[in-house]
Amino acid sequence: MISDRCICLGDDCIAPKEAIRATRYIARLVDESHFGVSIEQCVRCGQHFLTLFCEQVDWADSDDPQVWVAVPVSADEVEKLRTADVAADENAILKIIANDRRFLLHDMPKGAPDRLAWMTRRPFIPGHD
Ligand SMILES: [Zn+2]
C-alpha cells in the first residue's frame, strides 16, 4: 500500500518517533532542566512539530517520570508560538494550539512500562518540575 503521508505522521508509533527525533530544530522556546519546548521541522516533508519534554523529579528512587509530546503544528501556529512568551507562561501554548488534533505522546512513568501512542484530543502540557 502506498501512502502519501510522510513517515513522521505514520500510523504506527515507532517510525514517527524516530522521524520526529531526527527533525531539524527551528527554535527552542523553553530550555529548563525539567521542561523543554521546541519547534522542529521534518527534514522529509517540512511538517512542523511542537515538542514538549516534561520531567518530574523522583527524589526517592531517581526514576524520574518523563513525558515527551510531539504536536503537529501549522506554519501560522509556528509564527504565533515564536512570538508568544512561552517561557514566561506555558499556558500560552495551549491558547495557540487549542483545537483537537492528533499528536504523539511518549509516556515514561515511574515503575511502569513506557507507552508510546497517537492521541486525538486537545493537546495538554504534562506535569513537570
Ligand atoms: Zn515528515
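In this text, all values refer to a predicted model and were calculated from it rather than measured experimentally. (Residues numbered from 1 in each chain as written. Predicted model: local features only at pLDDT ≥ 70, side-chain atom pairs only at ≥ 80, totals over all residues.)

*Asks:* Requested: an account of the overall build of the chain, with residues and values cited.
*Replies:* In terms of helices and strands, the chain carries 3 helices and 6 strands. In the chain, the order of α-helices and β-strands from amino to carboxyl end is α-β-β-β-β-α-α-β-β. Relative to the compact-globule value of 14 Å for 129 residues, the chain shows a C-alpha radius of gyration of 15 Å, a close match. Dimensions of the chain along its principal axes, counting C-alpha atoms only, are 50 × 35 × 25 Å. Excluding contacts between residues fewer than 6 apart, the proportion of contacts in the chain whose partners are at least 24 apart in sequence is 49%. (Helix = DSSP H or I, 4+ residues; strand = E, 2+ residues; numbered from the N terminus. Rg over C-alpha atoms; globule rule 2.2 N^0.38 Å. Contact = placed C-beta atoms within 7 Å.)

*Asks:* Please set out the environment of leucine 94 residue by residue, giving values where relevant.
*Replies:* By the secondary structure assignment, leucine 94 is in helix α3 (residues 91-96). What makes leucine 94 partly exposed here is the crowd of 13 C-beta atoms within 10 Å. When the C-alpha positions of leucine 94 and arginine 122 are compared, they lie 8.6 Å apart, and in sequence the two are 28 residues distant. With residues up to four places along the chain from it excluded, the contact list for leucine 94 reads Pro123 and Ile125. (Buried ≥ 20, exposed ≤ 12 C-beta atoms within 10 Å, placed from the backbone.)

*Asks:* Which residues make up unusual backbone geometry, and what values do they have?
*Replies:* Across residues other than glycine, the phi torsion is negative in most instances, and most of the peptide bonds are trans. Its identity is not glycine, yet serine 62 carries a phi of approximately 55°, on the positive side. Mapped onto the elements, serine 62 comes out in the loop between β3 (48-55) and β4 (66-73). Take serine 62: there are 8 C-beta atoms within 10 Å of it, and that puts it in the exposed class.

*Asks:* Residue-level account of the sheet that holds strand β2 (residues 35-41), with values.
*Replies:* Pairing in this open sheet of 6 strands is antiparallel, and the strands run β1-β2-β3-β4-β5-β6 from one edge to the other. Each having just a single partner strand, β1 (24-31) and β6 (115-121) make up the two edges of the open sheet. On average, each strand axis in the sheet is tilted by 20° relative to the strand beside it, whichever way the strands run. Where strand β5 (residues 101-108) and β6 come together, 7 bridges link them in antiparallel fashion. When the bridges of β6 are listed, leucine 105 appears paired with alanine 117. The sheet contacts of helix α1 (residues 14-21) involve β2, β3, β4, β5 and β6, and relative to β5 the element is tilted by about 90°. (Pairing = 2+ DSSP bridges. Axes fitted to C-alpha atoms, helices over the stretch in contact; angles between N-to-C directions.)

*Asks:* Talk me through the environment of glutamine 66; I want residue IDs and the actual numbers.
*Replies:* Inspection of the secondary structure puts glutamine 66 in strand β4. Non-local contacts of glutamine 66, meaning those with residues more than four positions away in its chain, are made with Cys54, Glu55 and Met108.

*Asks:* Describe the nonpolar core, and please don't skip the residues or the numbers.
*Replies:* Counting 23 residues, the largest nonpolar core has Ile20, Phe49, Leu50, Val69, Ala70, Val71 and Phe103 as the members making the most contacts within it. Ranked by residues supplied to this core, first place goes to β4 with 6 residues. If sequence neighbours within four positions are ignored, isoleucine 20 has contacts with Cys8, Glu40, Phe49, Ala70 and Leu104. (Core = buried A, V, L, I, M, F, W, Y, C linked by C-beta atoms within 7 Å.)

*Asks:* I'd like a rundown of the pairing of β3, residues and numbers included.
*Replies:* The buried count for β3 comes to 6 of 8 residues, which makes it a mostly enclosed element. Pairing between β2 and β3: 7 bridges, direction antiparallel. Paired with glutamate 40 across the bridge in β3 is phenylalanine 49. The pairing of β3 with β4 spans 8 bridges and is antiparallel. Paired with phenylalanine 53 across the two strands is tryptophan 68, which belongs to β4.

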